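Here is how the chains run, residue by residue.
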Amino acid sequence: MDDLLERLRSGLPADALITDPDVTASYGHDMASFCEAGTPAVVVLPRTVEHVQHVMRTATELRVPVVPQGARTGLSGAANASDGCIVLSLTKMDRILEISPVDRIAVVEPGVVNAVLSRAVNEHGLYYPPDPSSWEMCTIGGNIGTASGGLCCVKYGVTAEYVLGLDVVLADGRLLSTGRRTAKGVAGYDLTRLFVGSEGSLGIVVKAVLALRPQPPAQLVLAAEFDSAAAACDAVCAIMERGHTPSLLELMDRTTLRAVNAMANMGLPETTEALLLAAFDTPEPAADLAAVGVLCKAAGATEVVPADTVAESELLLQARRMSLTALETVKTATMIDDVCVPRSKLGAMLEGTAGIAEKYDLTIGVCAHAGDGNTHPVVCFDHTDADESRRARESFDEIMALGLELGGTITGEHGVGVLKKEWLARELGPVGVELQRGIKATFDPLGILNPGKLF
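Here's a quick rundown of the structure. Position numbers for residues start from 1 in each chain and track the written sequence from start to end. Predicted model: local features are reported for residues with pLDDT of at least 70 only, side-chain atom pairs are reported and counted for 80 or more only, and whole-chain, interface and lining totals are derived from all residues. Think of the side-chain values as coming from all heavy atoms in the structure, minus any hydrogens and water.

## Comments concerning the pattern of salt bridges
Then comes step 1: Definition used for salt bridges: Asp or Glu carboxyl oxygen within 4 Å of a side-chain nitrogen of Lys or Arg. Scanning all chains against the criterion turns up 22 salt bridges.
Then comes step 2: A salt bridge links Arg7 to Asp3; the nearest nitrogen and oxygen atoms lie 3.4 Å apart. Taken together, the residues span about one helical turn, with Arg7 and Asp3 both in helix H1 (residues 2-9) at a distance of four residues.
Then comes step 3: Each of Lys331, Asp387, Glu388, Arg390, Arg391 and Glu394 takes part in salt bridges that share partners, so that together they form one network. A run of H or I in DSSP counts as a helix once it spans at least four residues, and a run of E counts as a strand once it spans at least two, with each numbered from the N terminus.

Structure below.
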């Protein structure tokens, strides 16, 4: 320990090191439940690429594990510390280095907060689409590490589609540049995409070149009430089948609606079984909403209410963004699942989840990026009740199994981390696991980068 600290101090400013055990303990884990976490030996807050390189060279020499972290808003335990590790918190590397309206790119450090970047590019008439629900807190580095999504993915896609190039510090301290800043480029293997979603297990992202789009018109939102989740899912399928391109298509079930109302007095309808939110940012959004409203009514909507103004639309979006936080107030703890299925199987996924809730006598609220088939069943439970905690974990596993049975994936945007690594092996199969472990060994032969995650 003394040798580690001495070596780190030789290449870092004094204020970049945190050794107070009470403080370092606060960096021990992200926001996931049921994920083991260790006690870090030290927390390092680098401000430059050279600082990160020094940390990785030291870690390699002493064979010390390194756990990279952003804002720790993740939901899979991917940022959880391991015993005796160096926690490398990149939140101080928070500069927007460049915004180019001509090239339509932004160049940023990993600690830049998503919302800060979004507002900065808006000033140039540009748009950075990926918008996780935690966008006011989460960092671009964390978004890249977990390949995060958001509310607008149904039209604009996920983080991976906006990462053009990366600077990455490898396990031994070498600096690797991948990708490009051009509109096109196919030279060599796509190492950039390999790092996106790797959860810090292959290298430390220290700079990212991100694609931007022209800022679209302000979106308008429609809210449609349904007396069953199945009917709402039928509406989703009809909307996509008819070729509509909503900028957002979200679903909230009755449990979620009640939780949001209880927390924030939003005035959402509590008697409906499912609320579908559809938005368009087209030049004529009212016409698009009207067409979608017809489809919703044909699918069985009991009420269809289009927002008249951007302000009304923002209130509905605010309610959706509150969903996960509100469900956390239902019981003392939550497990937030992240199963994505083909859109055509969305109704079966929600019906199966309701059956699992009944089987285990648990409250499971569901909010979903319905246009993507990406569901977030939230298991609410009392963590002080051993039996209820056991049932919560078992129900969580059954939800993942259901997703795979329906042709889906165990995670659409939250990542694997600690929480789902056993299920990753089931999804990938033995050949897939063997190859992915081989890739990990190539980039991190000593196994010091975020050990215990993914595999």
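## Observations regarding empty space enclosed by the protein
Then comes step 1: Grid points spaced at 1 Å over the protein atoms alone were grouped into cavities, where a 1.4 Å probe fits but cannot get out, and pockets, open sets with protein on both sides within 12 Å along at least five of seven lines, with lining residues defined by an atom within 4 Å of a point. Grid points are joined across faces, edges and corners, and a volume is the space filled by probe spheres set on the points. Overall, the coordinates contain one cavity of 30 Å³ or more when judged by the stated rule.
Then comes step 2: In this structure, the largest cavity encloses a volume near 40 Å³.
Then comes step 3: In terms of lining, the largest cavity is formed by Met31, Ala32, Ser33, Leu75, Thr334, Met335, Ile336 and Leu419.

## A few points about the state of the cysteines
Then comes step 1: Any two cysteine sulfur atoms lying within 2.5 Å of each other are counted as a disulfide. Taken as a whole, this structure holds zero disulfides when the rule is applied.
Then comes step 2: Between Cys153, a cysteine without a disulfide, and Cys152, which holds the nearest cysteine sulfur, the sulfur-to-sulfur distance is 5.3 Å.

## As for the side chain of Thr192
Then comes step 1: By secondary structure assignment, the location of Thr192 is in helix H7 (residues 191-195).
Then comes step 2: When near neighbours in sequence (up to four residues on either side) are disregarded, Thr192 contacts Val163, Leu164, Gly165, Leu166, Thr178 and Gly179. Whether two residues are in contact is decided by their heavy atoms, any of which lying within 4.5 Å being enough.

## Details of the sheet that holds strand E10 (residues 204-211)
Then comes step 1: Between any two strands, pairing holds if DSSP finds at least two bridges. Here we have five strands laid out as an open sheet, ordered E5-E6-E10-E8-E9, and antiparallel in their pairing. Of all the strands in the sheet, just strand E5 (96-100) and strand E9 (175-179) have a single pairing partner and so form its edges. Between one strand axis and the next, the sheet turns through 10° on average, direction left out of account.
Then comes step 2: Pairing analysis gives five bridges linking strand E8 (residues 163-169) to E9, with the strands arranged antiparallel. From the neighbouring strand, Gly165 faces E9, where its bridge partner is Gly179.
Then comes step 3: Helix H4 (residues 114-122) contacts E5, strand E6 (105-108) and E10 of the sheet and is inclined by roughly 35° relative to E5. Lines fitted to C-alpha atoms define the axes here, with helix axes fitted over just the stretch in contact, and angles between the N-to-C directions of these axes take values from 0 to 180 degrees.

## Comments concerning the layout of surface pockets
Then comes step 1: By volume, the largest pocket is sized at about 840 Å³.
Then comes step 2: Lining of the largest pocket is provided by 47 residues; of these, Thr73, Gly74, Cys138, Gly142 and Thr146 occupy positions nearest its centre.
Then comes step 3: Looking at the lining of the largest pocket, the elements with two or more residues in it are strand E3 (66-69), helix H5 (140-146), E10 and helix H12 (323-327).
Then comes step 4: For the lining of the largest pocket, the leading source of residues is H5, giving five residues.
Then comes step 5: By residue class, the composition of the lining of the largest pocket is 16 nonpolar, 25 polar and six charged. Following the grouping adopted for this structure description, the nonpolar residues are Ala, Val, Leu, Ile, Met, Phe, Trp, Tyr, Cys and Pro, the charged ones are Asp, Glu, Lys and Arg, and the polar ones are all others, Gly among them.

## Overview of the packing of helix H8 (residues 229-241) against helix H10 (residues 285-299)
Two quantities define a packed helix pair, namely the angle between the axes and the distance from one axis to the other.
Then comes step 1: In contact at an axis separation of 8 Å, H8 and H10 are set at 140° when each is read in the N-to-C sense. Taken as axis vectors, H8 and H10 run oblique relative to one another. In terms of crossing hand, the pair formed by H8 and H10 is right-handed. Within the contact between the two elements, H8 uses Ala231, Asp234, Ala235, Ala238 and Ile239 and H10 uses Val292, Leu295, Cys296 and Ala299.
Then comes step 2: Class assignment of the residues belonging to the contact of H8 with H10 gives a composition of eight nonpolar, no polar and one charged. An angle below 35 degrees is read as roughly parallel, one above 145 as roughly antiparallel, one from 65 to 115 as roughly perpendicular, and any other as oblique. Crossings are sorted by hand: turned counterclockwise from the far helix by less than a right angle, the near helix makes the crossing left-handed, and turned clockwise it makes it right-handed.

## Re the environment of Leu324
Then comes step 1: Mapped onto the elements of the fold, Leu324 is located in helix H12.
Then comes step 2: By relative accessible area, Leu324 is classed as buried at 15%.
Then comes step 3: For Leu324 and Gly365, which are 41 residues apart along the polypeptide, the C-alpha to C-alpha distance reads 9.1 Å. Working definition: with a 1.4 Å probe on protein chains only, accessible area under 20% of the residue-type maximum means buried, over 50% means exposed, and in between means partly exposed.

## Here's the deal with helix H13 (residues 346-360)
Then comes step 1: Expected span of a helix, by definition, is 1.5 Å for each gap between consecutive residues, and there is one gap fewer than residues. For H13, with 15 residues, the first-to-last C-alpha span of 21 Å sits near the 21 Å given by 1.5 Å per residue.
Then comes step 2: Its buried side turned inward, H13 meets H8, strand E13 (248-253), strand E17 (363-369), strand E18 (374-381) and helix H14 (386-405).
Then comes step 3: Looking one or two residues beyond H13, the residue adopting positive phi is Asp361, at roughly 55°.

Coordinates in, geometry out; function isn't part of it.
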